[in-house]
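Listed below, chain by chain, are the residues.
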Amino acid sequence: MITEFRQLKQYLEKARMGSFLIVPLKYDENRLDFTWLSANATLAPFETMDINESVKQIFNGKDRANVMSRYKIDRQTLHSHLLDGKTSDFFYACEKGTDDFSEKQKFTIENAEIYIFHTQVAFLSVEIRFTRMSLLDTIVNLGYTDSNVDYFYTDEKGRPQKFDFEAGLVKMCGYSGLGLFFDTKASIFLDGYTYTTAVIEKRFENLDTMRRIAFNLHLMVDPEREVEDRSEEDVNFTYAVKDQTIGSYRWGCCITSQTISYIVADADMDIDAEMSRQCENGLPVVLLALYQKHTCLRFKELISITDKKKTNRLKTLKRQMLEFQAYGTVTPANISRWNNVRRTYRYLLDANAVGEAVDDISVTINLLSEKQKETEADSQMPLSALSVCWV
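Residues numbered from 1 in each chain as written. Predicted model: local features only at pLDDT ≥ 70, side-chain atom pairs only at ≥ 80, totals over all residues. Heavy atoms only, no water.

Asker: Describe the overall build of the protein chain, and please don't skip the residues or the numbers.
Answerer: In terms of helices and strands, the protein chain carries 14 helices and 13 strands. Taken over C-alpha atoms, the radius of gyration comes to 23 Å for the protein chain, in line with the 21 Å a tight globule of 391 residues would show. Taken along its principal axes, the extent of the C-alpha atoms in the protein chain is 85 × 55 × 40 Å. A burial count over the protein chain gives 50% of its 391 residues as buried. About 18,900 Å² of surface is accessible on the protein chain, with carbon and sulfur atoms providing 48% of the total. (Helix = DSSP H or I, 4+ residues; strand = E, 2+ residues; numbered from the N terminus. Rg over C-alpha atoms; globule rule 2.2 N^0.38 Å. Buried < 20%, exposed > 50% of the residue type's maximum accessible area, 1.4 Å probe, protein only. Areas by Shrake-Rupley, 256 points an atom, 1.4 Å probe, with all protein chains shown as cover.)

Right, dumping it as structure tokens:
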């Protein structure tokens, strides 16, 4: 209720926050190169207990049906790449022309992960920390196509120095043959996904309180602000189970097509531990939904640029799409033993219209089959028949 929300204001003002900035990528099979990742990152499987073992086996297995490789890049390696061998304790994201080096524009870059799926899609996830939501709003600029931000790091004397954060990330991914999924001149975060977590000290007594705070995080405004926005229709919420002994909730979550936002209660205010838990347990659920969405988009793109006269290429694409339907899709009923995880995953699929995209694959496969038959029939047509056609 609004009463509890206002009572929590003093705690919300001290919230510790972090985000995973998720950028969709793609690659061509003949250009994918694991050399840089093998030397600079650590290969790591999904280990979360929130996802059923049968699903984890699909993504962690070593057989032909394996569909994902996950690489972890530590803070020092990431900094060294972005800053030409240097590292920095703090970074700033400032609106262009302002050079606002205040606390509210300060953030840290923690580490990164790269997820490579066998369907020629991949994702970069960069973990950042900050104290005010205005910082995240400046970076993501949600709802706008233009990038209006300059990035700075602090050198060994504490002086701000400008650097190109986004170009550095793109260049790093390029070492492995990975490129932006949507290659435009806009910000790389425009078509990305933002996963935000805020930690406060006190637990929650009412669902509405968590809804208000989590919705604020989605809007990228400070969690203690009283705001209303009835224009958004693709918003859903999930919650932790109420602890019946102490009569309160630990977390609530707001899910949309481009953001997922958690408000979490932790007496120790340990943002490091909470971000680690979210990375291992929550992030894989989000990535499974995004992987299915972007795989469908990638197949559409590959079909549009494929020479329809090349029978072998059509057969390969058809086989890959069938394998994706058979091995690469996961339904909400099978994702987890926990109801709130299943619900979160279902909302992610719905918000991104994944079900419709996967169903559309069947239509595409049928069209490919028809085109394949036509191509094969043309190739088997006798020379005399071809001559008649030209008369």
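Additional details are given in the paragraphs that follow.
Asker: Break down the side chain of Thr138 for me, citing the residues and quoting the values.
Answerer: Summarising the element assignment, Thr138 is placed in helix α6 (residues 133–140). Residue Thr138 is classed as buried on the basis of its relative accessible area of 11%. Excluding residues that lie within four positions of it along the chain, Thr138 makes contacts with Ala93, Cys94, Glu95, Gln105 and Val149. (Contact = heavy atoms within 4.5 Å.)

Asker: I'd like a rundown of the pairing of strand β10 (residues 193–200), residues and numbers included.
Answerer: Each regular strand carries side chains that alternate between the two faces of the sheet. Judged by how many residues are buried, β10 sits mostly within the fold: eight of eight residues are covered. Of the two faces of β10, the one lined by Tyr193, Tyr195, Thr197 and Val199 and the one lined by Thr194, Thr196, Ala198 and Ile200 are each fully buried. Pairing of β10 with strand β13 (residues 259–265), which is carried by seven bridges, proceeds in the parallel orientation. Directly across from Val199, in β13, lies its bridge partner Val264. (Pairing = 2+ DSSP bridges.)

Asker: How would you explain the pattern of salt bridges if you had to name every residue and give the values?
Answerer: Under the definition given, this model contains 23 salt bridges. Lys72 serves as the salt-bridge partner of Glu280, at 3.5 Å between the closest nitrogen and oxygen. In this pair, Glu280 is assigned in helix α9 (residues 271–305) and Lys72 in strand β3 (residues 68–73), connecting sequence segments 208 residues apart. For the salt bridge of Glu274 with Arg277, the shortest nitrogen-to-oxygen distance reads 2.8 Å. Taken as a pair, Glu274 and Arg277 lie in helix α9 at a separation of three residues, close to a single helical turn. (Salt bridge = Lys/Arg side-chain N within 4 Å of Asp/Glu carboxyl O.)

Asker: Can you explain the nonpolar core? Please cite residues and give values.
Answerer: Side chains of a nonpolar character, in soluble globular proteins, are inclined to be buried together. Of all hydrophobic cores here, the largest spans 62 residues; its most connected members are Phe107, Leu124, Ile128, Ile139 and Leu169. Excluding anything up to four places from it in sequence, Leu169 contacts Leu78, Leu82, Leu124, Val126, Ile188 and Phe189. Ile260, Val264, Cys296 and Val330 belong to the second largest nonpolar core, which has 55 residues in total. (Core = buried A, V, L, I, M, F, W, Y, C linked by side-chain atoms within 4.5 Å.)

Asker: Can you lay out the packing of aromatic side chains for me, pointing to particular residues and giving the numbers?
Answerer: As enumerated under the stated definition, the model contains 22 aromatic pairs in all. For the pair Phe34 and Tyr71, a centre-to-centre distance of 5.9 Å together with 35 degrees between the ring planes defines the contact as tilted. Of this pair, Phe34 sits in the loop between β1 (16–26) and α3 (35–40) while Tyr71 sits in strand β3; the two residues are 37 residues apart in sequence, bridging distant segments of the chain. With relative accessibility at 30%, the residue Phe34 sits in the partly exposed group. (Phe/Tyr/Trp six-rings, centres within 6.5 Å; stacked < 30°, edge-to-face > 60°.)

Asker: Just give me the short version of the confidence of the model for the protein chain, but keep the residues and values in it.
Answerer: Overall, the predicted model of the protein chain reaches an average pLDDT of 89, with 93% of residues at or above 70. Low pLDDT, under 50, characterises residues 385–391; the predicted model gives this stretch two contacts beyond four residues in sequence or across chains. (pLDDT = per-residue confidence, 0-100.)

Asker: Please provide a residue-by-residue account of the pairing of strand β8 (residues 160–163), values included.
Answerer: As paired strands, strand β7 (residues 149–154) and β8 are joined by four bridges and run antiparallel to one another. Each bridged residue has a counterpart across the sheet, and for Tyr151 the counterpart in β8 is Phe163. Connecting β7 to the next strand, β8, in antiparallel fashion are five residues, including Gly158 with a positive phi near 80 degrees.

Asker: A description of the environment of Tyr262 should follow, citing residues and the corresponding values.
Answerer: Along the chain, Tyr262 falls in strand β13. Of the residues examined, Tyr262 reaches a relative accessible area of 8% and is grouped as buried. Remark: the alpha-carbon pair of Tyr262 and Trp251, spanning 11 residues in sequence, is separated by 6.9 Å. When neighbours within four sequence positions are excluded, Tyr262 is seen to be in contact with Tyr195, Thr196, Thr197, Ala198, Leu217, Trp251, Gly252, Cys253, Gln278 and Thr344.

Asker: How would you summarise α6 if you had to cite specific residues and measurements?
Answerer: Counting buried positions along α6 yields six of eight residues, so the element is predominantly enclosed. Those residues of α6 not exposed but buried are Met133, Leu135, Leu136, Thr138, Ile139 and Val140. Positive phi appears at Asn141, one or two residues downstream of α6, with a value of about 50 degrees.

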